[in-house]
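# Reading the structure
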Amino acid sequence: RKRFLTGIKPSGDVHIGNYFGAIKPCIDLSKDVQNEVILMCADWHGLTNRAEIMRPGQLSHPLIALLLALGYNIKENSIILQSDFPQIQENSWYLSCATAAGLLERSHAYKDAIANGKVPTASLLFYPSLMSSDIITFDSQFVPVGKDQAQHLEYASDMAKLFNNLVGVDVYIAPQGVIQETPTLIGTDGERKMSKSYNNILPVFATKKELEKCVKEIKTDSKGLNDPKDPNSCVIFQIFKSFASDDAIAYMKEKLEKGVGYGYGHAKKDFVDEHEKVFGSHRERYEYYCNNFNEVKKLLEPGYEKARSYADNVTKRARQAFGLKSYL
Ligand code: TYM
């Protein structure tokens, strides 16, 4: 089986950008028996920004509940919590021992933080090392992600190769990114990618009222009720087409293009209705999983066992390659 791994930071409301960039592709992959998928809730990554240190412990469970509720095939695959696997930290250290500091300093996230006058934590500098380790610790071959993670995937492959060159043995598998071809999903402001840090998100599981409030924020131009509208520059449509059914997409496209009697208010109403259709039916299961930790734990156990054996195996290989010995 081909082994896929991807990670998502537990940062509160999971939004349609995450759904479209990572969750949906992984759920689809998990349904094909030829694949083995490991989905990681990256709680350590949620600690790198001091201003944002939220409560990854409390936020992880809703993320896992969401993945299960939306139909991730947990019987044949795994969902793991990053902080349950100390082997990741160990391999992250080995990777960073093979990597020039300058390479990490060139990370976009690190450079952006400095350019914006922030004082980045050392953990932000090591972010690519930790993320590379998430991948190589489980011998993963493929990493499905959104476009914004492209640089991180280059790091993963480069750092694995640097390590292998250093020790002269192929200890780590250099992974391949499976990067979404479609651009990163835009946020409700119509300017930046949808991201919790930009306060421009549409949550996957929101009550209708909450959703209506967010949808109201979606930026529109000044075209009137009967003006033809270009779907490609309409932010409502751009977000809509990332989750709506093919029929609903075709319907809204036609209505916007014709324009007659179809204003942005109508598009927003159709948006809310379709969101309810696609996600609403899973909300009950989501709430059930949120409130039944022990049951979720049982579902995750077989995948945990498998992941642990991969991680132990890889870490042993890395220790051997460095000639590290144990007294135990
Ligand atoms: P994170 O938590 O920011 O996002 C999780 C996934 O969602 C995708 N994504 C988007 N896709 C399209 N449009 C958007 N607006 C959008 N926003 C987010 C991201 O591309 C990502 O695939 N560093 C990673 C998490 C991580 C990871 C890993 C990923 C930790 N370890 C190992 C892969 C492998 C991150 O911050 O993603």
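Numbering of residues starts from 1 in every chain and runs along the sequence as written. Given that the model is predicted, a residue must reach a pLDDT of at least 70 before its local features are reported, and side-chain atom pairs must reach 80 or more before they are shown or counted; all residues, however, enter totals for whole chains, interfaces and linings.

## So, the packing of helix α3 (residues 87-97) against helix α7 (residues 127-136)
Condition: Fitted lines through C-alpha atoms give the axes, limited to the stretch in contact for helices. The angle between two N-to-C directions lies from 0 to 180 degrees. Helix and strand labels come from DSSP, where a helix needs a run of H or I of at least four residues and a strand needs a run of E of at least two; each type is numbered from the N terminus. Note on terminology: angles under 35 degrees are roughly parallel, angles over 145 are roughly antiparallel, angles of 65 to 115 are roughly perpendicular, and the others are oblique. The sense of a crossing depends on the near helix, which, turned anticlockwise from the far helix by less than a right angle, makes the crossing left-handed and, turned clockwise, makes it right-handed. Remark: residues whose backbone-derived C-beta atoms lie within 7 Å of one another are considered to be in contact. Under the scheme applied, nonpolar residues are Ala, Val, Leu, Ile, Met, Phe, Trp, Tyr, Cys and Pro; charged residues are Asp, Glu, Lys and Arg; polar residues are all the others, including Gly.
Taken N-terminus to C-terminus, the directions of α3 and α7 make an angle of 120°; their axes are 8 Å apart at the nearest point. Considering their axes alone, α3 and α7 lie oblique with respect to each other. Here the hand of the crossing between α3 and α7 comes out right-handed. Touching I88, N91, S92, L95 and S96 of α3 are S129, L130, S132, S133, D134 and I136, all from α7. For the contact of α3 with α7, the residue count by class is four nonpolar, six polar and one charged.

## Topic: the site of the ligand
The condition that has to hold: For each residue, a C-beta atom is placed from the backbone, and the residue counts as near a molecule or strand when that atom lies within 6 Å of it.
Taken together, 27 residues sit near the ligand, with G7, G17, G21, G146 and L185 positioned nearest. Counting residues per element, the shell around the ligand draws most heavily on helix α1 (residues 16-30), which supplies five residues. In the shell around the ligand, the residues fall into twelve nonpolar, eleven polar and four charged.

## Regarding the environment of Y262
Position of Y262 among the secondary structure elements: in the loop between α11 (246-258) and α12 (264-279). Along the chain, Y262 and K229 lie 33 residues apart, while their C-alpha atoms are 9.4 Å from each other. Those residues in contact with Y262 that lie beyond four places of it in its chain are K255 and L256.

## Side note on the domain arrangement of the chain
We count it as follows: Per the annotation, domain bounds derive from an automatic or database assignment of domains.
Annotation of the chain at the domain level lists domain 1 (2-184 + 292-322) and domain 2 (205-282). Each of domain 1 and domain 2 has a C-alpha centre, and these two points are 33 Å apart. If you look at the interface, domain 1 gives six residues, while domain 2 gives five residues. Of all the elements in the fold, those that place two or more residues in the side of domain 1 that touches domain 2 are α1 and α2 (56-69).

## Some details on α1
Structural remark: α-helix, 3.6 residues per turn; residues separated by three or four positions point the same way. Spelled out, the test is: In this scheme, the bend at a residue equals the angle between the axes fitted to the seven residues that finish there and the seven that begin there. Three exposure classes are used, all based on how many other C-beta atoms lie within 10 Å of a residue's own C-beta (placed from the backbone): buried at 20 or more, exposed at 12 or fewer, and partly exposed between those limits.
Considering bend angle alone, the principal kink of α1 is centred on I23 and spans about 40°; proline P25 follows within four residues of it. Burial of α1 is extensive: eleven of the 15 residues sit out of reach of the surface. Three or more residues of α1 are buried, namely I16, G17, N18, Y19, F20, G21, A22, I23, C26, L29 and S30.

## Topic: unusual backbone geometry
Comment: phi is negative for the bulk of residues other than glycine, and the bulk of peptide bonds are trans. You will see that D139, though not glycine, has its phi angle at about 50°, which is positive. Mapped onto the elements, D139 comes out in the loop between α7 and β4 (142-145). Of note, the phi angle at N199 is positive, near 55°, even though the residue is not glycine.

## Focus: the environment of G177
Mapped onto the elements, G177 comes out in strand β5 (residues 176-179). For the pair formed by G177 and V145, sequence separation is 32 residues and the distance between their alpha carbons is 7.3 Å. When residues no more than four places from it in sequence are discounted, the contact partners of G177 are V143, V145, A150 and L153.

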